[in-house]
Structures are given as C-alpha cells and as structure tokens.
Amino acid sequence: MAVQAQATEHINPYKVALQQYDRAVAYLDLPAGIKAFLRYPKRELSVNFPVRMDNGDIQIFSGYRVHHNTVLGPSKGGIRYAPNVDLDEVRALAMWMTWKCALVNLPYGGAKGGVICDPYKLSQNELERLTRRYAAEISIIISPHSDIPAPDMGTNAQTMAWIMDTYSMTVGYSVPAVVTGKPLNIGGSEGRQEATGRGVIICMDEALRRRGQDDPSKIRLVIQGFGNVGSWAAKHAYDLGYKVIAISDITGGYYNEKGLNIDDVMAHTAKNRHGLLEGYTEADPISNEELLALECDVLAPCATENQITEHNAHNIKASMIVEGANGPTTPEADDILNEKGVLIIPDILANAGGVTVSYFEWVQGLQSFFWDVEEVNRQLRRVLIKAFDEVVNTAEQYHVDMRTAAQITAIKRVGDATRTRGIYP
Ligand code: GLU
C-alpha cells in the first residue's frame, strides 16, 4: 500500500497543471483552437456507489475516472484511494499523464481515477468490495483499447487484480491487459513494482553524471515519502552507493547523517501492515519541514502534490530536485528555485518509469509473451535516457527550465498529432 498524503496546503492541483501548461504552450506555434482543446479533459465520469461494510452497514462512496486526452492512443493512468481526492485533483493528474506518456513516447493518452476513502481505515474485505464495485462503475469507460488503469497512492497490485477479475467476470473471459501493475502470477511484469523509484534514480544519476558528479558515495540524498515510489527510489539509490540521509512518511521524518541502511529500513517497513516507518530507531526524528530544508545534494519529493511552495522553497538547500511525486512543486516555488539555480527534474520525466513499465506490461499481456527483468530494466533505461536527452535539448533550444522543456516537448507531440488527425467531423 502506497503512503498517503502528508500535510498539504490547499492549493488546487488543476490550477497548477493549467499554469504549467499555459507557460509551456506559449512557446509553441499551434493553432489557438488546439491550444484551447488541450486544456480540457476529454471526458469525466463521477460515480457514487454503495459498499457493504464488515458490520453490515451500507456506506456510499464517491469516485472519478477522467480521460484527459486520447489523441496518441488509449488513455493511461493510475487510481488513487485517499480521503482528499477530488475532481480537480483527478483532472490535474490525468492531464499530467497525457504529458508524461507523450514525453516518453508511449502510444497513450492520459487518464486518472480516484475514490474518496481512507484505505488505512478499511479492512481488506471492505477494500475488495469497494474496489470491485468501483471497477464495475467505471467498466463502461475502461478496456485494454480505451483506458488502462494502474496503481497510484493508496492502491497496489492486489487492487489491480480485483479490477482485472471484476472486468473479466463481466465480459466472460480473462482480460489481463485491462490494467497494469498486476501481481506477477496473473500477468504482471517483472520490474513493474520498482519501476517508478528506479526511474527516479536513473534520471538523478544521469543529471549528476552530466554535471560531473559521478561518485555516488559523495551525494547526500533526502527522500520525502516512503510509499511505492520513495521506498524503491531509496533502495535503488542505496544499491548504487548513494548516501540516503533522510526519509519520511505520514509517521514522520527519519534522519541519519551517516546514511541510512535502506535494506534494514525495508525489512522494518515489511513488518508493518501498511508498510509504515513508525518505530524505526536507527535514525533521529525530524519534521517534514526540517526534512525539506536539510543540508543535502539532492531532494526527491516522492509523496504528493504541493509540498514545495512559495512558503518553503527559500529554505531548500539541495542543488537538485527529482520529482518522484506528481505535482510536488507549485509554479511559484519553481520560480524561486529556478532563480536560486536549483535544477528540477520534473515529475513527468522523473516518475515516468512507472507508466513506461506499465506499457511494457500491457504489450506483454496483449502478446502473451513475457520478458525477463533484465530486458525490462534495459528498455526502461533506454526510454528514460532518450526522453532526458530530448528535454535537455529542448531546454537549450528554448532557453527554459527542465519542467517547461518537458512540457513543451510533450505538448508539441500531442498538438502535432491532433493537427495530423484533424478535427472530427
Ligand atoms: N500512477 C502512476 C503515475 O502517476 C502510474 C500510471 C500507470 O502506470 O499507468 O505515473
């Protein structure tokens, strides 16, 4: 189960996504109508549905599935379970998926789903009933060729197995390719679970290498969030010899200036039902604000949106930020950090490893032909390094920061494809 939201300010993520879009699209020579079209989600489904709780009561839950764009292919994106999910958040996440998929050249559009619930407070049986009913509700707009969900915060491989099973029961045969991020024994891909965290570190490593910083033992890394993204980023960095000096989750921050032993940390979290860090003693406790402001080389926000804002951006000491989370930095904070010369490797590049291996899983599922983990990791690296290179080139060409460059690259692809396809009818 991925780690849930840390304390966030009330900033509307959809407004942030649109601000980023407006900044980037201004550099592109696209017809005004196409620029306007790409600001909107293509379709949005809101569902309210009953779930029988363990005590026999019926509780009503609300959820969403938003397709932002399908010009490059079926829409793709995760499903989030969290108490603070709302339609604007799902819209933002769906839009970021469109740019992310386009940036790493996957034949996908962007989507996202969410259910307002607290997965930590539901039993496994309640989670299964909620998931199956939500899957049935959104089954009218998902399929291997129209929209393919995956895990996000608060959901995991088991959630995907229930969705796949529910969908398969309705159509009458097994359809593994309707979701990605499935368990291995029902058609999941080798390397998918670690892929987002691995991709974060591939991007960080590449950026450091280009700066001539090629000795991992000299690099102090701080990671906010220890869910599926943060924990695997920490593990991969640790295996490469980087010094992970601080980590955090909803139970607090954990700091050790000598570097944490991430194998020990993971053995500790594996004992907790929700994979939490609570009770880890080989570190000093620190607050979230202290963690973000630590003296370090790289900061990897891997928790949730709006963590780095105009209020705390000034305090950041890292010279590089690698965004494992979606939307962790607001545009105002971007301005402050760019001014300070902090290099930001943006979310749609840094965390694209997850959807990239989702794509590999989907391809393997459609062909019923499966790859080994070496092949998956080799292809993942190839895709991310190519995208990294393209972002660097775009940044040089337009004299912009890496976020704007990544968005320009992605928006240009979707915009050009829209022009080529033409407007129906
Ligand atoms: N939820 C992940 C993301 O935000 C993965 C999406 C997917 O694999 O489709 O990128």
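Residues numbered from 1 in each chain as written. Predicted model: local features only at pLDDT ≥ 70, side-chain atom pairs only at ≥ 80, totals over all residues. Heavy atoms only, no water.

## A closer look at the pattern of salt bridges
Thinking step 1. One pass over the structure, following the stated rule, counts 29 salt bridges.
Thinking step 2. The partner of Asp-54 in a salt bridge is Arg-129, with the nearest N and O atoms 2.8 Å apart. Placement of the pair is Asp-54 in the loop between β1 (43–52) and β2 (58–69) and Arg-129 in helix α4 (residues 124–138), with a sequence separation of 75 residues.
Thinking step 3. A single network of salt bridges, built from pairs that share partners, joins Arg-80, Glu-89, Lys-112, Asp-152 and Glu-305. (Salt bridge = Lys/Arg side-chain N within 4 Å of Asp/Glu carboxyl O. Helix = DSSP H or I, 4+ residues; strand = E, 2+ residues; numbered from the N terminus.)

## Things to note about the site of the ligand
Thinking step 1. Around the ligand, the surrounding shell holds 14 residues, and the nearest of these are Lys-76, Lys-100, Lys-112, Asp-152 and Ser-358.
Thinking step 2. A distance of 2.6 Å is found between an oxygen atom of the ligand and a side-chain nitrogen or oxygen belonging to Lys-100.
Thinking step 3. Ser-358 places a polar side-chain atom, nitrogen or oxygen, 2.6 Å from an oxygen atom of the ligand.
Thinking step 4. Surface burial for the ligand is 95%, taken as the share of its 300 Å² of free accessible area covered by protein chains.
Thinking step 5. Only β3 (75–82), α3 (87–103), β5 (147–151) and α12 (353–367) provide two or more residues apiece to the shell around the ligand. (Near = heavy atom within 4 Å. Polar contact = N/O pair within 3.5 Å; in protein donor to acceptor, adjacent residues only side chain to side chain. Areas by Shrake-Rupley, 256 points an atom, 1.4 Å probe, with all protein chains shown as cover.)

## Regarding the confidence of the model for the chain
Thinking step 1. Here the chain averages 97 in pLDDT, and 98% of its residues register 70 or above.
Thinking step 2. Contacts of residues 1–8 to residues separated by more than four positions or lying in other chains number 45 contacts, the stretch itself having pLDDT below 50. (pLDDT = per-residue confidence, 0-100. Contact = heavy atoms within 4.5 Å.)

## A look at the environment of Gly-187
Thinking step 1. Relative to the elements of secondary structure, Gly-187 occurs in the loop between α5 (157–171) and α6 (192–210).
Thinking step 2. Separated by 174 residues in the primary sequence, Gly-187 and Glu-361 place their C-alpha atoms 7.8 Å from one another.
Thinking step 3. The contacts of Gly-187, once residues within four sequence positions are left out, are Lys-182, Glu-361 and Phe-370.

## Focus on α4
Thinking step 1. Under the 1.5 Å per step criterion, the end-to-end length of α4 is 21 Å for 15 residues, consistent within 8% with the ideal 21 Å.
Thinking step 2. Those residues of α4 that fall on the buried side of the exposure criterion are Glu-126, Leu-127, Leu-130, Thr-131, Tyr-134, Ala-135 and Ile-138. Buried positions in α4, seen along its axis, are confined to an arc of 160 degrees and lie on one side of it.
Thinking step 3. Looking at the buried positions of α4, the neighbouring elements they touch are β1, β2, β3, β4 (109–116) and α5. (Expected span 1.5 Å × (residues − 1). Buried < 20%, exposed > 50% of the residue type's maximum accessible area, 1.4 Å probe, protein only. Arc of directions from axis to C-beta.)

## Comments concerning the sheet that holds β2
Thinking step 1. Sheet architecture is open: five strands sit in the order β1-β2-β4-β3-β5, paired in mixed fashion. The strands lining the two open edges of the sheet, one partner per strand, are β1 and β5. Sheet twist, expressed as the average angle between the axes of neighbouring strands with direction ignored, equals 25 degrees.
Thinking step 2. Pairing between β3 and β4: six bridges, direction parallel. What sits directly across from Ile-79, in β4, is Gly-113.
Thinking step 3. Contacting β1, β2, β3 and β4, α4 runs over the sheet at an angle of about 140 degrees to β1. (Pairing = 2+ DSSP bridges. Axes fitted to C-alpha atoms, helices over the stretch in contact; angles between N-to-C directions.)

## A word on the side chain of Asp-334
Thinking step 1. Within the secondary structure, Asp-334 sits in helix α10 (residues 331–340).
Thinking step 2. Residue Asp-334 is classed as buried on the basis of its relative accessible area of 3%.
Thinking step 3. Beyond its immediate chain neighbours, meaning those up to four positions away, Asp-334 contacts Arg-23, Thr-329, Ile-344 and Arg-403.

## Thoughts on the pairing of β2
Look at any regular strand and the pattern is simple: side chains alternate between the two faces of the sheet.
Thinking step 1. As paired elements, β1 and β2 share 10 bridges and run antiparallel to each other. What sits directly across from Asn-48, in β2, is Ser-62.
Thinking step 2. A loop of five residues connects β1 with β2, the two strands running antiparallel in sequence, and Gly-56 in this loop sits at a positive phi of about 95 degrees.
Thinking step 3. Taken together, the six bridges between β2 and β4 define a ladder with antiparallel strand orientation. For Arg-65, the partnering residue across the bridge sits in β4 and is Gly-113.

## Quick word on the packing of aromatic side chains
Thinking step 1. Applying the stated criterion to the full structure yields nine aromatic pairs.
Thinking step 2. Between Phe-360 and Trp-371 the ring centres are 5.0 Å apart and the planes differ by 40 degrees, which places this aromatic pair in the tilted class. Residue Phe-360 is found in helix α12, and its partner Trp-371 is found in the loop between α12 and α13 (373–398); the two are separated by 11 residues along the sequence.
Thinking step 3. An aromatic cluster is defined as three or more aromatic residues linked by ring pairs; in this entry it consists of Tyr-108, Tyr-359, Phe-360, Trp-362 and Trp-371. (Phe/Tyr/Trp six-rings, centres within 6.5 Å; stacked < 30°, edge-to-face > 60°.)

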